Structure formats: structure tokens, C-alpha cells
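Each chain is listed here by its residues.
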Amino acid sequence: GAVVSQHPSRVICKSGTSVKIECRSLDFQATTMFWYRQFPKQSLMLMATSNEGSKATYEQGVEKDKFLINHASLTLSTLTVTSAHPEDSSFYICSARKERNSPLHFGNGTRLTVT
Amino acid sequence: EDQVTQSPEALRLQEGESSSLNCSYTVSGLRGLFWYRQDPGKGPEFLFTLYSAGEEKEKERLKATLTKKESFLHITAPKPEDSATYLCAVQRHSGNTPLVFGKGTRLSVIA
């Protein structure tokens, strides 16, 4: 199969601090990964497309300076939430495809709580 | 703009009571329609991909169908372990492009 691992699964931080979330493809290489955010009882909303070796592409309304994405290798993408505020509290999920036209596989998500 | 609308928002079934979930979509140039299952606090788990109208896919008690405007996820004789949120998503372009999701249907199956 195609396994996507995400870490940590839960994190609580204080307002104003930064948090890094890791997303790894365990059994395949991923030149592209997608980061989604999900609020309670809401849909998964695409935040950005992470591209290995180049800058991420952000969706409209997502602040690139606040949500820093680094895709430094073919198996790892990181999302850093900088200067976190309570409104950034959400469920962040990454995803990737094993092959170009195969289904998207998702990590188990990271529950971020900013106090 | 691509839109995916799922109904009902929530569904409560008795064990063994079959039903269907609906996913209506508006997308230019549908590449594929996807169904996922999401358990609380977890990421979505892939179930099916449908590519063209008339296509059907089955897996255990689940069967997904596709028309030009909507997809149905039929659940036959559900069990409590089928309780989850079922998400529908569309992909517009071929290749390594993202999915657009609906809000999901929260299914509860009561023993």
C-alpha cells in the first residue's frame, strides 16, 4: 500500500509560539504532498501544495508567512505554524500519492490546540 | 468553482437497515470521484475511485455508483463498525492534483 505518516498526532502550544508538523511517505517517494485543514464538522480544506525542491503553492486566503512549508526530500514535508493563535487550532492533515494517477492517501492528522 | 455537496449531513441507522448517501458535484472536466471513510480523530481512509458515469465499485457492504451529476454510496445491512463519516471528493485535472471535498455524512449504526 501507500503509507503516509504524520507526527505529532496531538500538540498543545501557547499563543505566540511556533509548531512544526511532519509528514512522511513511508513506502514511496512523493514529489508532491498536499496539506489540508479541517474544522469540526467541516470539510477538509486545501491549504497548500508542497513540492519537493521548490516553493509551496498556497490556496487563496492562506498566509504563506504564517504556514511555512518545507519539502526538503522526496519523503518528508513539514508544516510550521508560526506565531500560533487560538484561531489556528484545528486538525491538520497531509496527503500524497504513490503514483501520478493513484488515490490520495492521508496521514492520521495532527490536532493542534493553541491556548 | 468546483462544488461537492453531500446529504444527509447525518444519518442514524439500525443495524441491518440499508440506506444510501448522496454526493452531488459540480466540476468542469471530472477526472475522478473519490469516497473516503473518516473515523474520529483520524485521517481519511480511501474506499473507492469512480471515473465515468455508469461505473460501480463494491467493497464488502459498500457499493458506490456514479452519474454525470452525483454519486451514491449504498450501504447494505450495515453493522455498528460501519459508523464513521463518509467523505466524497472530486479531482478536476489528471495527474498529481488535489481533491475538493464535501462536508461528509456522519453515519451512526445502532446495534
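Predicted, not measured: the structure shown is a model, and the values here were computed from it. (Residues numbered from 1 in each chain as written. Chains lettered and ligands numbered in written order. Predicted model: local features only at pLDDT ≥ 70, side-chain atom pairs only at ≥ 80, totals over all residues. Heavy atoms only, no water.)

Q: Help me understand the pattern of salt bridges in this model?
A: Opposite charge on two side chains makes pairing possible when the charged atoms of those side chains draw close. Scanning all chains against the criterion turns up seven salt bridges over all chains. The salt bridge partner of Lys66(A) is Asp88(A), with a shortest N-O separation of 2.9 Å. Of this pair, Lys66(A) sits in the loop between β6 (57-58) and β7 (67-73) while Asp88(A) sits in the loop between β8 (76-81) and β9 (90-96); the two residues are 22 residues apart in sequence, bridging distant segments of the chain. The partner of Asp39(B) in a salt bridge is Arg37(B), and the shortest N-O contact between them spans 3.1 Å. (Salt bridge = Lys/Arg side-chain N within 4 Å of Asp/Glu carboxyl O. Helix = DSSP H or I, 4+ residues; strand = E, 2+ residues; numbered from the N terminus.)

Q: Looking at this structure, I do not really get the pairing of strand β9 (residues 84-91) of chain B. What am I missing?
A: Successive residues of a regular strand alternate their side chains across the two faces of the sheet. All names here are of chain B. For β9, the buried fraction is high: eight of the eight residues fall into the buried class. In this structure, strand β4 (residues 32-38) lies alongside β9, joined through seven bridges in antiparallel fashion. Bridging from a neighbouring strand, arginine 37 pairs with tyrosine 86 of β9. With three bridges joining them, β9 and strand β11 (residues 105-110) adopt antiparallel strand pairing. Each bridged residue has a counterpart across the sheet, and for tyrosine 86 the counterpart in β11 is threonine 105. (Buried < 20%, exposed > 50% of the residue type's maximum accessible area, 1.4 Å probe, protein only. Pairing = 2+ DSSP bridges.)

Q: Explanation requested: the nonpolar core in the structure shown.
A: In globular proteins that are soluble, nonpolar side chains generally tend to be buried together. Among the nonpolar cores identified, the biggest contains 25 residues, and Trp35(A), Phe67(A), Leu79(A), Tyr92(A) and Leu112(A) are the most heavily contacted of them. Broken down by secondary-structure element, the contributors of at least two residues to this core are β2 (10-13), β3 (19-25), β4 (32-38), β5 (44-51), β7, β8, β9 and β11 (110-114) of chain A. Residues in contact with Leu79(A), not counting those within four places in the same chain, are Val19(A), Lys20(A), Ile21(A), Trp35(A), Phe67(A), Leu68(A), Ile69(A) and Tyr92(A). Phe48(B), Ile75(B), Tyr86(B) and Val109(B) belong to the second largest nonpolar core, which has 23 residues in total. (Core = buried A, V, L, I, M, F, W, Y, C linked by side-chain atoms within 4.5 Å. Contact = heavy atoms within 4.5 Å.)

Q: Would you mind showing me how to read the sheet that holds strand β6 (residues 56-59) of chain B here?
A: Pairing between the strands of a sheet comes from backbone hydrogen bonds, and it takes one of two forms, parallel or antiparallel. All names here are of chain B. Ordered by their spatial adjacency, five strands build an open sheet running β1-β3-β8-β7-β6, and the pairing between neighbours is antiparallel. Two strands lie at the open edges of the sheet, namely β1 (3-7) and β6, each paired on one side alone. Neighbour to neighbour, the strand axes of the sheet diverge by 15 degrees on average, direction disregarded. (Axes fitted to C-alpha atoms, helices over the stretch in contact; angles between N-to-C directions.)

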